Amino acid sequence: MSKYIFVTGGVTSSLGKGIIAASLAKLLQARGFKVTIQKFDPYINIDPGTLNPYEHGECYVTEDGAETDLDLGHYERFLNVPTSRANNITTGRIYQHVIEQERAGAYLGKTVQVVPHITDEIKRRMLLLGENNEYDIIITELGGTVGDIESLPFIEAVRQLRWELGNNDSLVIHLTLVPYLAAAGELKTKPTQHSVKTLLEYGIQPDILVCRTEHKLTHEIRKKLAQFCNVNINAVVESIDAPTIYDVPLNMLKEQLDKTALAKLKLSTKNDPNLDSWKVFLGKLKNPTNEVTIGLVGKYVELPDAYKSIIEAFVHAGANNETRVKLNFIAAESIHNENVQEKLKGLDGVLVAPGFGERGLDGKLAAIKYVRENNIPFFGICLGMQCSIIEFGRNVLGLADANSTEMAPETQNPVINLMDDQKDVTDKGGTMRLGAYDCELKKGTKAFASYGKTKISERHRHRYEFNNDYLKQYEEAGMIATGINPITGLVEIVEIKNHPFYIATQFHPELKSTVANPHPLFVSFVAASLANKNC
Ligand code: GLN
């Protein structure tokens, strides 16, 4: 039977519950346990797919095509195990299911209520991943902060589950903040005491406190926290600000978070955690022998979380190349043909990011023209690829109004067109081409050289595609489709032959990059940027 660890958050949001959950999972995995992580989000959207990245950061897409919270990206990057639709549940999905059941007559004669119907459905979902005995341990992260109105049904579901599962099969970790008051020169425990009190009011005694802090917790502070929050002193875990998120598993190992959790779950510690490859990665990350500067051109650059997976994919690929990758975020709207040289000055490579809508389109096209003509390594992703097609159409093929029908529905040269199966779609939620699809690579191409094989599978999130009516014209002019969906013929990758590195993909390679498996296209893009710098 699976054992359950629940992770709640107190005092403030943004304490990094996802990273703590992923770090603990990493340590347990490294000891030989089969672990997965799921996230329950208290908002009413069915999924974050309809949210603006400014609200919620990146929308992470799973293999099975779910649009999910960006924390699932951390889980995959740390554990190197894919997640699925079942790993991210929102209040909206819980209510949708219960209301559908109600209409179908499942509760005939009964008043449908938050308790027990909503909480029962939350519990059912919390236990779902444990049904096939696939996992020894399931970590459940609760979004939001304890005390929020919208988290209450989730907290109540955890309370009931703890009672049902018993103490040996479940535990609660409360992630909290121990702030430092510079004027007093002191760490303060009161916010944590209050947050634990709130949890106690809801009937939950946390087993472990993980304390985010800017300064080391002294023995006295640990003792005070333990005493006032009813936990053992070894269950007070310090989570000090770390230079990178990838240090956190090792910090948690030092604090013995994994051992404390296993002891509470009455599980043997199995092996010592094997973190050899993780440490090799960290060693390379921290001791780079080279440095490159890469420009990330996009429209949400004020909020780097909007590009979380791309940023992390560069961390993995940088370490793999023993190269520090400095990312310069450049607002697409700020680029024009007149200032493009100035804007892209000093960059060893340029990535044009995914996105939606017209804002910043001209800037992206100006950047792509510049890197194409000046032999600067270029990597386009999704909308970035579509922009590269538009730019090539306009400036090389002379199709002055080449465009995507997303931006210009009436264009005479729709080089990017709505996919056929999107034409009757009116709903916005969960209706894009989502998730993993196969792609076949042509031999003798840069894509093939990067992957080292012809059959790949990558994840998607788009409605528009390259218009194959133009393919011949593009290929004759030197832009080649080097990756194609074997079933539909959809162009997945384009390259320019006579360019040191020009690759653009319709899929999102960043979603599959992990510490254990840095993405081959990011690895070769960083290598090409380094080669460009050195010549
Ligand atoms: N807006 C484009 C489309 O829907 C690209 C999407 C993306 O970059 N994720 O096809």
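In case you missed it, the structure is sitting above this.
The notes below deal with the structure included here. (Residues numbered from 1 in each chain as written. Predicted model: local features only at pLDDT ≥ 70, side-chain atom pairs only at ≥ 80, totals over all residues. Heavy atoms only, no water.)

### Some points on the site of the ligand
If you check the shell around the ligand, you find Pro 354, Gly 355, Phe 356, Cys 382, Leu 383, Gln 386, Glu 406, Arg 461, His 462, Arg 463, Tyr 464 and His 508 and nothing else. One of the backbone nitrogen or oxygen atoms of Gly 355 is found 2.9 Å away from an oxygen atom of the ligand. In this structure, Tyr 464 approaches the ligand through a main-chain N or O atom, which is 2.9 Å from an oxygen atom. Compared with its free state, where it exposes 290 Å², the ligand has 98% of that area covered by protein. Split into classes, the residues belonging to the shell around the ligand amount to five nonpolar, four polar and three charged. (Near = heavy atom within 4 Å. Polar contact = N/O pair within 3.5 Å; in protein donor to acceptor, adjacent residues only side chain to side chain. Areas by Shrake-Rupley, 256 points an atom, 1.4 Å probe, with all protein chains shown as cover. Nonpolar A, V, L, I, M, F, W, Y, C, P; charged D, E, K, R; others polar.)

### Re the sheet that holds strand E5 (residues 88–90)
The sheet built from seven strands is open, its strands ordered E5-E2-E6-E1-E7-E10-E11 with parallel pairing. Looking along the sheet, the strands with just one partner apiece sit at the ends: E5 and strand E11 (236–240). Taken pair by pair, the neighbouring strands of this sheet meet at an average axis angle of 20°, ignoring direction. The sheet contacts of helix H4 (residues 91–104) involve strand E2 (35–41) and E5, and relative to E5 the element is tilted by about 70°. Sitting on the sheet, helix H7 (residues 190–201) touches strand E1 (3–9), strand E7 (170–177) and strand E10 (208–213), and the angle it makes with E7 is about 145°. (Pairing = 2+ DSSP bridges. Helix = DSSP H or I, 4+ residues; strand = E, 2+ residues; numbered from the N terminus. Axes fitted to C-alpha atoms, helices over the stretch in contact; angles between N-to-C directions. Contact = heavy atoms within 4.5 Å.)

### Here we look at the nonpolar core
Note on soluble globular proteins: their nonpolar side chains tend to be buried together. Core analysis: the largest hydrophobic core is formed by 59 residues, its most contacted members being Ile 5, Leu 28, Ile 139, Ile 173 and Ile 208. Examining the composition of this core, we find that nine residues originate from one element, helix H1 (residues 17–30), more than from any other. Among all residues touching Ile 208, those that are not within four sequence positions of it are Leu 171, Val 172, Ile 173, His 174, Ala 235, Val 237, Leu 257, Thr 260, Ala 261 and Lys 264. If you look at the next biggest cluster of nonpolar residues, it comprises 42 residues, including Val 350, Tyr 370, Val 494 and Tyr 502. (Core = buried A, V, L, I, M, F, W, Y, C linked by side-chain atoms within 4.5 Å. Buried < 20%, exposed > 50% of the residue type's maximum accessible area, 1.4 Å probe, protein only.)

### So, the sheet that holds strand E16 (residues 402–404)
Pairing is mixed in the open sheet, where three strands are placed in the order E16-E17-E20. What marks the edges here is a single partner per strand, and that holds for E16 and strand E20 (464–466). Adjacent strand axes in the sheet meet at a mean angle of 30° when their direction is disregarded. Here three bridges tie strand E17 (residues 413–418) to E20, and the two strands are oriented antiparallel to one another. Each residue of the ladder has a partner; that of Ile 416, found in E20, is Phe 466. Where helix H15 (residues 383–395) meets the sheet, it contacts E16, E17 and E20, and its direction lies at approximately 165° from that of E16.

### Considerations on the pattern of salt bridges
All told, the structure shown has 35 salt bridges when counted by the stated rule. With its nearest N and O atoms 3.4 Å apart, the salt bridge here joins Asp 41 to Lys 39. Per residue, the accessibility class of Asp 41 equals that of Lys 39, and both read buried. Each member of the salt-bridge network shares a partner with another, and the members are Lys 39, Asp 41, Asp 69, Asp 71 and Glu 141. (Salt bridge = Lys/Arg side-chain N within 4 Å of Asp/Glu carboxyl O.)

### A closer look at helix H12 (residues 308–320)
For H12, which comprises 13 residues, the first-to-last C-alpha distance of 19 Å matches the rise-based estimate of 18 Å (1.5 Å per residue) to within 8%. Of all 13 residues that make up H12, 11 are buried, and the element is covered over most of its length. Taken together, the buried positions of H12 are occupied by Lys 308, Ser 309, Ile 310, Ile 311, Glu 312, Ala 313, Phe 314, His 316, Ala 317, Gly 318 and Ala 319. Count one or two residues on from H12 and you reach Glu 322, which has phi positive near 50°. (Expected span 1.5 Å × (residues − 1).)

### Quick word on the packing of aromatic side chains
Per the counting criterion, the structure on display carries 17 aromatic pairs. Through pairs of rings, three or more aromatic residues link up here, namely Phe 314, Phe 379, Phe 501, Phe 522 and Phe 525. A cation over an aromatic ring shows up here: Lys 270 above the ring of Phe 33, its NZ or CZ 4.7 Å from the ring centre. The lysine or arginine in question, Arg 433, covers the ring of Tyr 437, its NZ or CZ lying 4.1 Å from the ring centre. (Phe/Tyr/Trp six-rings, centres within 6.5 Å; stacked < 30°, edge-to-face > 60°. Lys NZ or Arg CZ within 6 Å of the ring centre and 35° of its normal.)

### Brief notes about the packing of helix H14 (residues 361–373) against H15
Put simply, H14 and H15 touch, their axes get as near as 9 Å, and they point 70° apart. It follows that H14 is roughly perpendicular to H15 by the angle criterion. In the crossing of H14 with H15, the sense of the turn from one axis to the other is right-handed. Two secondary-structure elements touch here, H14 through Leu 361, Lys 364, Leu 365, Ile 368, Lys 369 and Arg 372 and H15 through Leu 383, Gly 384, Cys 387, Ser 388, Ile 390, Glu 391, Phe 392, Arg 394 and Asn 395. (Parallel < 35°, antiparallel > 145°, perpendicular 65-115°, else oblique. Left-handed = near helix turned anticlockwise from the far one by under 90°.)

### Observations concerning the pairing of strand E12 (residues 290–298)
In terms of burial, E12 is a largely internal element, seven of the nine residues being buried. Summarising the sheet, E12 and strand E13 (residues 323–331) pair through nine bridges and their orientation is parallel. Directly across from Glu 291, in E13, lies its bridge partner Arg 324. For the segment spanning E12, H12 and E13, crossover handedness is right-handed. The sheet contact formed by E12 and strand E14 (residues 349–352) spans four bridges and is parallel. Across the sheet, Leu 296 pairs through a bridge with Leu 351, a residue of E14. (Right-handed = clockwise from strand over helix to strand, strands pointing away.)

### Brief notes about unusual backbone geometry
Following Val 115, the chain continues into Pro 116 via a peptide bond in cis, with omega recorded as 15°. Structurally, the position occupied by Pro 116 is in helix H5 (residues 114–128). Positive phi, normally seen in glycine, also occurs at Lys 266, with a value near 55°. Along the chain, Lys 266 falls in the loop between helix H10 (257–264) and helix H11 (276–286). Classification of Lys 266 as exposed rests on a relative accessible area of 57%.

### Regarding a nonpolar patch on the surface
Judged by side-chain polarity, Tyr 95, Ile 99, Val 114 and Val 115 come together as a nonpolar surface patch covering roughly 320 Å² of accessible area. Elements with a minimum of two residues in the nonpolar patch: H4 and H5. Within the secondary structure, Val 114 is located in helix H5. (Patch = residues over 30% accessible without salt bridge, like charges linked within 9 Å, V, L, I, M, F, W, Y side chains within 5 Å.)

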